[in-house]
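Chain by chain, the residues:
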Amino acid sequence: MSGKRNIGASLKPASSLKAARTGQPILRVDDLVVRFDTVEGLIHAVNGVSFSLQPGEVLGVVGESGCGKSVTMMSLIGLIPQPPGQIVGGQALFAADDGPVDLLALDRKDLRALRGGQIGFIFQDPISSLNPTMPIGRQIAESMVEHLHLNESEAQRHTIALLRDVGIADAENRYHSYPHEFSGGMRQRVMIAIAVACQPKLVVADEPTTALDVTVQAQILELVRALQQEMGMAVIWISHDLGVVAGLADRIAVMYGGTIVESGPADDLFERPRHPYTAGLLGAMPSVADDAGAEDRPLVSIEGYPPDLLRELVCCPFANRCSYAVERCWQERPPLLSAGRQHELACFVDLATVGSSGDVR
């Protein structure tokens, strides 16, 4: 990571720390609702998602496929197709350099001014996200030309330095290489370089390690962690794997059925899950024997099926799979409320109140 501070200082002034000093979030999302009009009917993809993100914080967003993780984050920066997508309601206040803006109220031109500059995005599949006809160096440099107003020679110089920072050897020559000449792990490093090229305030990473083997996955996680700490940017890391975010996230939000069902500090959530779905996810993670030779615990399966999102959610989305469900769970949706210690929970039956026998205290 050598040279990063000099590179950052030469690109643009450091972002204001006013928000951090005053405790103001860099992003606050309130009651986001997203629908998709399809031939099968109206899909209720995101159903009232609310969360906040502090400057420099890493938020892990986890949940099974189809729970609304990617749609939520892509909706915030105008990356869902409209139509068939529709942002029906909500607000997303982002602490931009020129003052707070509602991302959902911006037109396409204003959103483009933020994307790539103050907000970076790391896509899941770099081979389909990178332009196959353009050298990777030019793809990184173009955001510096667009957002930082560097000339081409300055942008090339900074891009070569950035390629070294993300672990690509022989950066001067690789600047002129095309995406197909890189391995999957190297292409993902290029995507990370594009996302952080302008030292954004926020980077959204959409399952960027899913297609990589575990060794390369660990390298990418370490790279993002190092860049985040060096640049002080906030990160939203989307994953279906709790193990991936365990050592990266400061806080974790668990999504199910297009809603956030639980959120809290990572250590607290792993040690004391309070929503039955969170407990089920943790129970489904493989474990290894400890040093004392204790046997591996059996994996837990979550019986049943996810909710049908063609129907509007009028009750708890997890009720039909939950062994703790009570009559109220079928009559109304539990709101996401404070559960103490920076913890939020959307459940009528808090596992913290359940005894070892499974009875509610």
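All figures in this text were calculated on a predicted structure; none of them were measured in a lab.

Cut-offs applied
Residues numbered from 1 in each chain as written. Predicted model: local features only at pLDDT ≥ 70, side-chain atom pairs only at ≥ 80, totals over all residues. Heavy atoms only, no water. Helix = DSSP H or I, 4+ residues; strand = E, 2+ residues; numbered from the N terminus. Areas by Shrake-Rupley, 256 points an atom, 1.4 Å probe, with all protein chains shown as cover. Buried < 20%, exposed > 50% of the residue type's maximum accessible area, 1.4 Å probe, protein only. Pairing = 2+ DSSP bridges. Axes fitted to C-alpha atoms, helices over the stretch in contact; angles between N-to-C directions. Parallel < 35°, antiparallel > 145°, perpendicular 65-115°, else oblique. Left-handed = near helix turned anticlockwise from the far one by under 90°. Contact = heavy atoms within 4.5 Å. Phe/Tyr/Trp six-rings, centres within 6.5 Å; stacked < 30°, edge-to-face > 60°. Lys NZ or Arg CZ within 6 Å of the ring centre and 35° of its normal.

A. View of the overall build of the protein. A count of helices and strands for the protein gives 13 helices and 12 strands. In the structure as shown, the protein presents an accessible area of about 17,500 Å², 50% of it carried by carbon and sulfur atoms.

B. How the structure looks around the environment of E222. The topology assignment puts E222 in helix 10 (residues 214-231). The spacing of E222 and L248 is 26 residues in sequence and 8.5 Å in space, taken between C-alpha atoms.

C. Broad picture of unusual backbone geometry. For the bond running from Q82 to P83, omega is -5 degrees, close enough to zero to count as cis. With a phi angle near 55 degrees, D31 is a residue other than glycine that sits in the positive phi range. Inspection of the secondary structure puts D31 in strand 1 (residues 27-38). You can call D31 partly exposed: its relative accessible area is 47%. One non-glycine residue, E207, adopts positive backbone phi at about 45 degrees. Take E207: it is sitting in the loop between strand 7 (202-206) and helix 10. Classification of E207 by relative accessible area gives buried; the value is 11%.

D. Spotlight on the pairing of strand 11 (residues 337-340). As paired elements, strand 11 and strand 12 (residues 343-345) share three bridges and run antiparallel to each other. Within strand 12, the position partnered with S338 by the bridge is E344. Count of turn residues in the strand 11/strand 12 antiparallel hairpin: two residues, of which R341 carries a positive phi of about 55 degrees.

E. Seen up close, the packing of helix 6 (residues 136-147) against helix 9 (residues 184-196). Look at helix 6 against helix 9: their axes get within 8 Å of each other, and the N-to-C directions meet at 20 degrees. With respect to each other, helix 6 and helix 9 are oriented roughly parallel. Two packed elements cross with a definite hand, and for helix 6 against helix 9 that hand is right-handed. Facing I136, Q139, I140 and S143 of helix 6, the residues of helix 9 in contact are V190, A193 and I194.

F. Local environment of the packing of aromatic side chains. Throughout the structure, instances matching the rule amount to four aromatic pairs. The interplanar angle of 40 degrees and the centroid separation of 4.6 Å between the aromatic rings of F121 and F123 together place this pair among those described as tilted. In this structure F123 comes out as partly exposed when scored by relative accessible area, which is 27%. Relative to Y277, the ring of Y256 has its centre 4.6 Å away and its plane inclined at 50 degrees; by these criteria the two rings are tilted. Of this pair, Y256 sits in strand 9 (residues 251-256) while Y277 sits in helix 13 (residues 276-283), placing them 21 residues apart in sequence. There is no split in this pair, since Y256 and Y277 are both buried. Taken together, the ring pairs connect Y256, Y277 and F318 into an aromatic cluster. Here the basic side chain of R174 rests over the ring of F182, its NZ or CZ set 4.1 Å away from the ring centre.

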